[in-house]
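Fold and contact review
Residue-level listing of the chains:
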Amino acid sequence: MRELFTLPQNLQKFCEDTSLQWIKLQEKNEDTEFAMKDDDERIQESNELRKQGNLLFNAKSDRNILGACRLYNDAIFAALDCKGCEEIALGFANRAMALQAFGYYSQAYDDCFCALKSGYPHAMRHKVVTRQAYCSLKLKDVQSLKKHLLELEGISLNESFQKQFTELQESLKQLMIDKCSEQDEMEEEEEIKKSRNSQEIIDTGTDLGRIMKAKCLIPKNQLIFREKAPAFTPVGDGRRICHQCGITGFIPYPCFNCRGRVVYCSLKCQKEHEDLHRYECPGYRFQFFAHGGIAHLALRTILDKGGLLTIIDDLKSKTSDNEIWKALTKGGDVWENSASIYVESLRMVSNLEIMTIMDIKWFALVSYLMVVYLKHYTKYFDKLREYNTKCNWELVVGTLILRHVGQLISNAHMLTTIIAKPLYFTMTDFYLLNDRIWLKPGHLKRGYLHTFSNYEDVAAINLPYLSICNHSCVQSFQPKFSGRCVSIFALRDLKAGDEITNCYDLDYRKVKRAARRQRLKSTYNFDCKCENCVQPNEDADFNQYHRYRCDNKDCGEIFIPIIPQRRSLNWWQNTDEGSVDDITIYCTKCGCEQRLDWYHEIKRSIERTRQSETRRRLYQIFKQLENVLLGLNDVRSYVALKFCSEWFKLPYHGIALNDQDYVELIDMTKYLMECTKHQSSANSIEYVAEMIYLWDIAAMGKYKCTPNEKEEMLFALSIISDQTKEIFLNYYNDYVKDI
Ligand SMILES: C[S@@+](CC[C@H](N)C(=O)[O-])C[C@H]1O[C@@H](n2cnc3c(N)ncnc32)[C@H](O)[C@@H]1O
């Protein structure tokens, strides 16, 4: 990095100019793409969507509030970036009306605020303010109700609004009597701090660097500690996640300036994110970060609330960038002594030393590009210079980005969460606005929990405290993500002195030892010596899910297959190693090729499950598989999962499932759950994503869960985010509990 910043002046200028030209080209391309539609077209589209929303909202019969809400939402997004137009304000005002009618009061409140802020006509202001007052009342927010009533006092109101005003005044009096208090964020941060070091300790004097150990007995399922991530970056569609708190199901509040590419779950989150977003907003406008990958997470680690600015006071007195760098590295005063959360990130181990020189150069250039962006599009360096003018901040920040890249490659985590898959797609797809699935806020309609049977990686997340845990293929905890907070639960009893380990990849039950070793070596550069990797019968745990009985009548032996075309045994998925159609499986006992006609028949028939005869035939095949794919078998559970997800789509095509379908679905779901319980745990996101089917079947009155099943399934919810858990618990209480 220093090489780049100490080139002769003319070469430095050349590098900066070239980088800037490249960035400007991205900006221009994006602007051209966006200009395909002009403002008039966008305004017209927005207007049209709002009118369609009004039709649904005002329909005499068949009123569809959430459907209207979705259209108003699309109207807002359609008008973003049309400077000075009224459409955004009208979109928000209408969405507020629909959200309020559906019972989303805090979102309706925020929408009113957005409507007023974005130029809602002054003459109609009282309507929006009255709505705000009404929502404040529902939210039991005395201060804000008082504020809006005071505002209304200054506006002359017609008879109907005057009546509402008087009623609201009465309600305020009552509310002040039964005001309830809420836990504030300070308490949450305190609670997280307190959860640290009470049961776990960090040992620094080991061959493997820092390791985390149990300080005392930690019983199975007990919380070990919690951590709030100092930074995360969305993966995939960045609009699925609130960029501040990291939750995934919400009504979106888009940033108006970056074409709605960054969204929040509330205005509060938007406000909290302002200090970071001001430096990213110009870049988001032209998708500068879209290909940033790990370097973007490195940048956010510096820019986010818990970033470089938290230690800036300690750097004030340093007289050069060399001194600053020394302070920030091992042995330096800040590195050693600061209690700032940013220093936890600085202390993470780095992979830079083991990266190829080409990779380092590549990441150095990406880091440099980010510095050029920050310099020309933001005032970040001015901010840093307010504290220290003697330092070359561009060099320091560029080097920090590169350092964090090296660290995050071996330390960053994936935030995996259950996320509803909407049944049909709209321009902006936010599942809380899906009118097909919601009965009222937080409560699904009967039979719709299966829309949550999908889990995905939604963000790359920096968790420096969790990163202290070393790898083992037999990990000792299960993480629960809730937004940007992670809670770590013991997967088994841990004795005092036991190491608390994480599994960086798929574990010993899901991947063979040789493959695990190869993956760990290439990413982290170590040979795993965990208890499972050193045992003689290395793949015994893995093999139990791949037991076949030879279909050659003269053999009939049980074998673990050899599949010449594949490194792994997951042959039923197309991979870069080739297509499933070319797969051959041989018995290791007699050498006979196995018939896979059942697989090909399933593949052909799965397209025709609308016909009940096809489904009946598939049940037959599934039953026969029991004789070939033995016990808890990976292929059989894959087939069961495929069937469940296909069967649950049928009602959307107007096909009602019959009693036999339900009986078979119950069997398949239970088999699936049993496999997952064994191979992952009952306390895993995979298990939750499968038990959902059983809850839907129970809710439809086709299955009665036993008390034990209920208990186990309710317990499994401890592993999903608080927000999703609430939806599941509501569903359980509404439809499953008493069946
Ligand atoms: C997330 S860090 C783990 C914490 C690290 N020990 C520290 O001091 O902060 C990951 C790095 O630790 C080392 N490591 C983790 N687990 C290991 C293991 N089982 N065997 C050898 N090295 C390991 C590797 O260098 C890996 O890149």
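Report on the accompanying structure.

About the criteria used
Residues numbered from 1 in each chain as written. Predicted model: local features only at pLDDT ≥ 70, side-chain atom pairs only at ≥ 80, totals over all residues. Heavy atoms only, no water. Phe/Tyr/Trp six-rings, centres within 6.5 Å; stacked < 30°, edge-to-face > 60°. Buried < 20%, exposed > 50% of the residue type's maximum accessible area, 1.4 Å probe, protein only. Helix = DSSP H or I, 4+ residues; strand = E, 2+ residues; numbered from the N terminus. Lys NZ or Arg CZ within 6 Å of the ring centre and 35° of its normal. Axes fitted to C-alpha atoms, helices over the stretch in contact; angles between N-to-C directions. Parallel < 35°, antiparallel > 145°, perpendicular 65-115°, else oblique. Left-handed = near helix turned anticlockwise from the far one by under 90°. Contact = heavy atoms within 4.5 Å. Nonpolar A, V, L, I, M, F, W, Y, C, P; charged D, E, K, R; others polar. Pairing = 2+ DSSP bridges. Core = buried A, V, L, I, M, F, W, Y, C linked by side-chain atoms within 4.5 Å.

1. Some thoughts on the packing of aromatic side chains
- Counted according to the given criterion, the structure contains 37 aromatic pairs.
- Look at F288 and F289: their rings are 5.3 Å apart centre to centre, the planes differ by 75°, and that puts the pair in the edge-to-face class. Neither residue differs from the other here; F288 and F289 are each classed as buried.
- Taking the centre distance of 6.1 Å and the plane angle of 50° together, the rings of F622 and F643 count as tilted. With a gap of 21 residues between them, F622 in helix α23 (residues 612-628) and F643 in helix α24 (residues 634-647) connect regions that are remote in the sequence.
- Ring-pair connections join several aromatic residues into one group, and the members of that group are Y284, F286, F288, F289, Y373 and Y377.
- Directly above the aromatic system of F57 lies the positively charged group of R63, at a separation of 4.2 Å from the ring centroid.

2. Some points on the packing of α23 against α24
- The contact between α23 and α24 brings their axes to 11 Å, and the two run at 160°. Taken together, α23 and α24 sit at an angle that is classed as roughly antiparallel. In terms of crossing hand, the pair formed by α23 and α24 is left-handed. On α24, the residues that touch R615, L618, Y619, F622, L625 and E626 of α23 are R636, V639, A640, F643 and W647.
- Considering only residue class, the contact of α23 with α24 consists of eight nonpolar, no polar and three charged.

3. A closer look at the side chain of S487
- Looking at where S487 falls in the secondary structure, it is placed in strand β12 (residues 485-490).
- Overall, the relative accessible area of 8% leaves S487 in the buried class.

4. A word on the sheet that holds β12
- Taken in spatial order, the three strands line up as β3-β12-β11 in an open sheet, and their pairing is antiparallel. Looking along the sheet, the strands with just one partner apiece sit at the ends: β3 (223-228) and β11 (477-482). Neighbouring strand axes in the sheet, compared pairwise and without regard to direction, differ in orientation by 20° on average.
- Taken together, the six bridges between β11 and β12 define a ladder with antiparallel strand orientation. When the bridges of β12 are listed, S482 appears paired with C485.

5. Side note on the nonpolar core
- Ranked by size, the top nonpolar core spans 207 residues in total, and within it L308 and W571 carry the most contacts.
- Excluding residues within four positions of it along the chain, W571 makes contact with Y548, I563, R566, V580, I583, I585, L596, W598, Y599 and V635.

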